[in-house]
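For reference, the chains in residue letters:
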Amino acid sequence: MTIEKIVEQALQDGYLTPAMEAEVGRICDTAAELSIEEYMALDRLMGALLTGEVVAVPRKQFINVMEELVLTEAISRVAEIESTSDKTLDLGDIAAYALNRLPPLYATTEEGANFQRESARGELSALIADQVQQAISRNLDKPDFYPERQIIQKKTGDNVLSQVSSLLQDHAHKFEPAPKA
């Protein structure tokens, strides 16, 4: 999908979804240079966001309580192993492995999150501990494949306006006309 189509869709719907935002970012990051039409579309999107004509849908209006439960268990186990051996474990890999094998526990309110935490502690604590242990075992046994792997990083700037502004600043210099001599 092109930037122009994404902006048109956002203007039509009145919303800019995280997927649309990510696609605009991907296009801007991979393009050698943006066309004047793409810059104009980004300018229209920025104006629509500033006036409220388009609303950016927040990235996260919910949490997966299982993530915090798995991280708590994994941190505890990894710290124990690392303090008694010369091994270094990848906490992110361990948590991701365990989370992929456990049910998600989503909540949209604090009360819901507390309910999910208490239910999981009562019913799933053994399963969580078992999956974290399996993840640690796999992490300890894995060869060092792909040492050039890049970890997933959060984008800088928490909101769409700052991201679009950053994209324009990064790429707009390419459209400055060269001074005529």
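This report concerns the structure included in the present document. None of these values were measured; they are calculated from a predicted model. (Residues numbered from 1 in each chain as written. Predicted model: local features only at pLDDT ≥ 70, side-chain atom pairs only at ≥ 80, totals over all residues. Heavy atoms only, no water.)

## Notes on the overall build of the protein chain
Consideration 1: When you go through the protein chain residue by residue, the secondary structure sums to eight helices and four strands.
Consideration 2: For the protein chain, the sequential pattern of α-helices and β-strands runs α-β-α-α-β-β-α-α-β-α-α-α.
Consideration 3: When burial is assessed residue by residue, the protein chain has 31% of its 181 residues classed as buried.
Consideration 4: Contacts in the protein chain between residues far apart in sequence, at least 24 positions, make up 78% of those at least 6 positions apart.
Consideration 5: Total accessible area computed for the protein chain in this model is approximately 12200 Å², and 54% of it derives from carbon and sulfur atoms. (Helix = DSSP H or I, 4+ residues; strand = E, 2+ residues; numbered from the N terminus. Buried < 20%, exposed > 50% of the residue type's maximum accessible area, 1.4 Å probe, protein only. Contact = heavy atoms within 4.5 Å. Areas by Shrake-Rupley, 256 points an atom, 1.4 Å probe, with all protein chains shown as cover.)

## So, the packing of aromatic side chains
Consideration 1: This model, assessed by the stated rule, comprises one aromatic pair.
Consideration 2: Geometrically, the ring pair formed by Phe 62 and Tyr 106 is edge-to-face, given 5.5 Å between the ring centres and 80 degrees between the ring planes. Separated by 44 residues along the polypeptide, Phe 62 in the loop between β2 (55–56) and β3 (63–64) and Tyr 106 in strand β4 (residues 106–107) bring together distant segments of the chain.
Consideration 3: Between Arg 101 and the ring centre of Tyr 97, over which it is positioned, the NZ or CZ distance is 3.5 Å. (Phe/Tyr/Trp six-rings, centres within 6.5 Å; stacked < 30°, edge-to-face > 60°. Lys NZ or Arg CZ within 6 Å of the ring centre and 35° of its normal.)

## Details of the environment of Asp 13
Consideration 1: Along the chain, the position of Asp 13 falls in helix α1 (residues 3–13).
Consideration 2: On the accessibility criterion, Asp 13 (39% relative accessible area) is partly exposed.
Consideration 3: Sequence separation between Asp 13 and Val 54 is 41 residues; the distance between their C-alpha atoms is 7.8 Å.
Consideration 4: Looking at Asp 13, its side chain comes within polar contact range of the side chain of Gln 9, at 2.8 Å. (Polar contact = N/O pair within 3.5 Å; in protein donor to acceptor, adjacent residues only side chain to side chain.)

## Structural notes on the nonpolar core
Considering soluble globular proteins, one finds that nonpolar side chains tend to be buried as a cluster.
Consideration 1: Counting 21 residues, the largest nonpolar core has Met 66, Val 70, Ile 94, Leu 105, Ile 128 and Val 132 as its most contacted members.
Consideration 2: Sort the elements by how many residues they give to this core and helix α4 (residues 65–84) lands first, with six residues.
Consideration 3: Counting 18 residues, the second-largest nonpolar core is a separate cluster that includes Met 20, Tyr 39, Leu 49 and Val 54. (Core = buried A, V, L, I, M, F, W, Y, C linked by side-chain atoms within 4.5 Å.)

These values are about where atoms sit, not about what they do.
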